[in-house]
Amino acid sequence: MTPTLHIDFETRSAVDLKKAGAYVYAEDPSTDVWCAAYCVDDGPVQMWLPGDKTPLIVQEAIDKKWLIVAHNANFERVIWRHVLTPKYGWPEPKLTQWRCTMAM
């Protein structure tokens, strides 16, 4: 069975997320990630901080097209695309890899 990557980002920005919405928030240059918590399946939760290298398991999940699960996955997806990929070099997952626990 293919592993699943679970992920959650904590972010900050000069933009008010509730007023602007996820896309405007994620695209603003002031938006950044404080930390990313992640785990594979039911494994131990790991923490990534800005300045750390992209976690090898994240690279593997993208390369091998694992499912990526998050609560309100659209938010994590746009933060990944507009912050983690351009600012920190994280590889971008395919849209088809994402699953949202809130939608489930």
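Below is a short write-up of the structure. (Residues numbered from 1 in each chain as written. Predicted model: local features only at pLDDT ≥ 70, side-chain atom pairs only at ≥ 80, totals over all residues. Heavy atoms only, no water.)

1. Considering the overall build of the protein
For step 1, the next point in the chain: Secondary structure assignment for the protein yields 4 helices and 5 strands.
For step 2, the next point in the chain: Secondary structure elements in the protein, listed N-terminal to C-terminal, are β-α-α-β-β-α-β-α-β.
For step 3, the next point in the chain: For 104 residues, the compact-globule estimate of 2.2 N^0.38 gives 13 Å, and the C-alpha radius of gyration of the protein, at 13 Å, lies within 12% of that figure.
For step 4, the next point in the chain: Referenced to the eigenvectors of the C-alpha coordinate spread, the extents of the protein come out at roughly 40 × 30 × 20 Å.
For step 5, the next point in the chain: Restricting the contact set of the protein to residue pairs at least 6 apart, pairs at least 24 apart contribute 64%.
For step 6, the next point in the chain: In the structure as shown, the protein presents an accessible area of about 6,200 Å², 56% of it carried by carbon and sulfur atoms.
For step 7, the next point in the chain: Each charge class in the protein can be summarised by its mean position, and for the 11 positive and 13 negative side chains these summaries are 5 Å apart. (Helix = DSSP H or I, 4+ residues; strand = E, 2+ residues; numbered from the N terminus. Rg over C-alpha atoms; globule rule 2.2 N^0.38 Å. Contact = heavy atoms within 4.5 Å. Areas by Shrake-Rupley, 256 points an atom, 1.4 Å probe, with all protein chains shown as cover. Lys, Arg positive; Asp, Glu negative; His and termini not counted. Charge placed at Lys NZ, Arg CZ, Asp CG, Glu CD.)

2. Quick look at the environment of glutamine 97
For step 1, the next point in the chain: With respect to the helices and strands, glutamine 97 occurs in the loop between helix 4 (73-88) and strand 5 (98-100).
For step 2, the next point in the chain: Spatially, the C-alpha atoms of glutamine 97 and valine 69 are 8.4 Å apart, while their sequence positions differ by 28 residues.
For step 3, the next point in the chain: Leaving out residues up to four positions away in the same chain, glutamine 97 has contacts with Ala61, Ile62, Lys65, Trp66, Leu67 and Ile68.
For step 4, the next point in the chain: A polar atom in the side chain of glutamine 97 sits 2.9 Å from the backbone oxygen of tryptophan 66. (Polar contact = N/O pair within 3.5 Å; in protein donor to acceptor, adjacent residues only side chain to side chain.)

3. Notes on the pattern of salt bridges
For step 1, the next point in the chain: Counted under the stated rule, the structure contains 2 salt bridges.
For step 2, the next point in the chain: Note that lysine 64 and glutamate 60 form a salt bridge whose closest N and O atoms lie 3.0 Å from each other.
For step 3, the next point in the chain: Between arginine 81 and glutamate 92 there is a salt bridge, and its shortest N-O distance comes to 3.4 Å. Of this pair, arginine 81 sits in helix 4 while glutamate 92 is found in the loop between helix 4 and strand 5, placing the two residues 11 residues apart along the sequence.
For step 4, the next point in the chain: Here glutamate 92 falls in the partly exposed class, since its relative accessible area comes to 38%. (Salt bridge = Lys/Arg side-chain N within 4 Å of Asp/Glu carboxyl O. Buried < 20%, exposed > 50% of the residue type's maximum accessible area, 1.4 Å probe, protein only.)

4. With respect to the pairing of strand 2 (residues 32-40)
For step 1, the next point in the chain: Here 8 bridges tie strand 1 (residues 4-12) to strand 2, and the two strands are oriented antiparallel to one another. When the bridges of strand 2 are listed, phenylalanine 9 appears paired with alanine 36.
For step 2, the next point in the chain: Taking the residues between adjacent antiparallel strands as the criterion, strand 2 and strand 3 (residues 46-48) are bridged by 5 residues, where aspartate 41 takes a positive phi near 50°. (Pairing = 2+ DSSP bridges.)

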